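# Observations on the three-dimensional arrangement
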Amino acid sequence: SGDPVTEAQLKSGASWFYWIAGLSLVNSIVAFTGSDWRFILGLGITQVFDGFGHELGSAGKAVVLTLDVLAAGVLVFFGVLAHKRHLWAFVVGMVLIALDGLIFLLVQDWVGVGFHVFVLYCLFRGDKACRELNAA
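Predicted model only: the values in this text are computed from it and were never measured.

Another aspect to go through is the overall build of the protein. Of the regular secondary structure elements, the protein holds five helices and zero strands. Put simply, the protein runs from its N terminus to its C terminus through helices and strands in the order α-α-α-α-α. The globule rule puts the C-alpha radius of gyration for 136 residues at 14 Å, and the 16 Å found for the protein is close to it. Considered along the principal axes of its C-alpha atoms, the protein spans approximately 55 × 30 × 20 Å. Counting over 136 residues, the protein shows a buried share of 38%.

Structure follows, in structure tokens:
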């Protein structure tokens, strides 16, 4: 245990892994229905997968949906470990989110880039809290 404010900051930061995983899965499910609607908040890599899945038959779509679930699962895994104060989960997660943000940068989706920067800031705050709590 530690300072309640720092604990809250850690939990807030770690929870972003869950939010991104969930929103990305919603985006993927919506994409599979053929709708153009999506959350601006989500992973770029799942949107890339979904784009390929749109061109494939049902077997290909099943593979793409599996990849989407795996990507979201990785984030949930990082969220669980980040909540348990595993610093590496924040660090690796931030690297993956930054790399995912490059997808939005490449297609010049500035809202997506901005969202990734915001999430990185929130994760950084969680990382900082994790370091403080682990040092105490």
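Our focus in this paragraph is helix H1 (residues 4-32). When the terminal C-alpha atoms of H1 are compared, their 42 Å separation across 29 residues agrees well with the 42 Å that a helix rising 1.5 Å per residue should span. Phi turns positive one or two residues past the end of H1, at Gly34, with a value near 95°.

Inspection of every chain in the model, using the stated rule, returns seven aromatic pairs. Arranged with centres 5.4 Å apart and planes meeting at 85°, the rings of Trp16 and Phe118 form a pair that is edge-to-face. With Trp16 in helix H1 and Phe118 in helix H5 (residues 110-135), this pair connects stretches of sequence that are 102 residues apart. Given the relative accessible area of 17%, Trp16 is considered buried. Accessibility expressed as a relative area gives 41% for Phe118, which makes it partly exposed. An angle of 80° between the planes, with centres 5.9 Å apart, marks the rings of Phe78 and Trp88 as edge-to-face. Here Trp88 lies in helix H4 (residues 87-106) and Phe78 lies in helix H3 (residues 58-83), a separation of 10 residues in the sequence. Its relative accessible area of 6% is what places Phe78 among the buried residues. For Trp88, a relative accessible area of 41% corresponds to the partly exposed category. One aromatic cluster is present, built from ring pairs that chain together Phe17, Phe77, Phe78, Trp88 and Phe90.

This part is about a nonpolar patch on the surface. A cluster of nonpolar side chains, namely Val74, Phe77, Trp88, Val91, Val92, Val95, Leu96, Leu99, Leu102, Leu105 and Trp110, defines an oily patch on the protein surface of about 980 Å² accessible area. For the nonpolar patch, the secondary-structure elements that each account for two or more residues are H3 and H4. By residue number, the principal contributor to the nonpolar patch is H4, which donates eight residues. Tracing the chain through its elements places Leu102 in helix H4. Overall, the relative accessible area of 42% leaves Leu102 in the partly exposed class.

Moving on, we come to the pattern of salt bridges. All told, the structure shown has three salt bridges when counted by the stated rule. Arg131 serves as the salt-bridge partner of Asp127, at 2.7 Å between the closest nitrogen and oxygen. On the criterion of helical spacing, the pair formed by Asp127 and Arg131 is a turn pair, its members being four residues apart in helix H5. Using a relative accessible area of 3% as the deciding quantity, one classes Asp127 as buried.

Turning to the packing of H1 against H5, a few remarks are in order. Two numbers describe how H1 lies on H5: the axes approach to 7 Å, and their chain directions differ by 140°. It follows from the interaxial angle that H1 and H5 lie oblique. Of the two possible hands of crossing, H1 and H5 adopt the one that is left-handed. Across the interface between the two elements, Thr6, Glu7, Gln9, Leu10, Gly13, Trp16, Phe17 and Ile20 of H1 pack against Phe115, Phe118, Val119, Cys122, Leu123, Arg125, Gly126, Ala129, Cys130, Glu132 and Leu133 of H5. Residues of the contact of H1 with H5, tallied by class, amount to 12 nonpolar, four polar and three charged.

What counts, and at which threshold
- Each chain carries its own residue numbering, running from 1 in the written order of its sequence.
- Only residues with pLDDT of 70 or above have their local features reported here, since the model is predicted, and side-chain atom pairs are shown and tallied only from 80 upward, although totals for entire chains, interfaces and linings are computed over all residues.
- The side-chain numbers reported here are obtained from all heavy atoms of the structure, hydrogens and water having been left aside.
- Counting from the N terminus, the helices are DSSP H or I runs at least four residues long and the strands are E runs at least two residues long.
- We compute the radius of gyration over the C-alpha atoms and compare it with the globule rule, which gives 2.2 Å times the number of residues raised to the power 0.38.
- The buried label goes to any residue with under 20% of its type's maximum accessible area, the exposed label to any with over 50%, and the partly exposed label to all in between, with areas taken from a 1.4 Å probe on protein chains only.
- Expected span of a helix, by definition, is 1.5 Å for each gap between consecutive residues, and there is one gap fewer than residues.
- Pairing of aromatic side chains here covers Phe, Tyr and the six-membered ring of Trp, requires ring centres within 6.5 Å, and sorts the geometry by plane angle: under 30 degrees stacked, over 60 edge-to-face, intermediate tilted.
- By definition, no residue in a patch forms a salt bridge, and every one has over 30% relative accessible area; like charges are joined within 9 Å, nonpolar side chains (Val, Leu, Ile, Met, Phe, Trp, Tyr) within 5 Å.
- Surface exposure here means Shrake-Rupley accessible area, sampled with a 1.4 Å probe, where a residue is shielded only by the protein chains that are shown.
- Whenever a carboxyl oxygen of Asp or Glu lies within 4 Å of a side-chain nitrogen of Lys or Arg, that contact is scored as a salt bridge.
- Every axis corresponds to a line fitted to the C-alpha atoms, with the helix fit spanning only the stretch in contact, and the corresponding angles, defined between N-to-C directions, vary from 0 to 180 degrees.
- Any angle from 65 to 115 degrees is called roughly perpendicular, while one under 35 is roughly parallel, one over 145 is roughly antiparallel, and all others are oblique.
- Rotating anticlockwise by less than a right angle from the far helix to the near helix defines a left-handed crossing, while the corresponding clockwise rotation defines a right-handed one.
- Here a residue-residue contact requires only that any non-hydrogen atoms of the pair lie within 4.5 Å.
- Charged residues are taken to be Asp, Glu, Lys and Arg, nonpolar residues to be Ala, Val, Leu, Ile, Met, Phe, Trp, Tyr, Cys and Pro, and polar residues to be all remaining types, Gly included.

Geometric descriptors of this kind do not, in isolation, establish any biological role.
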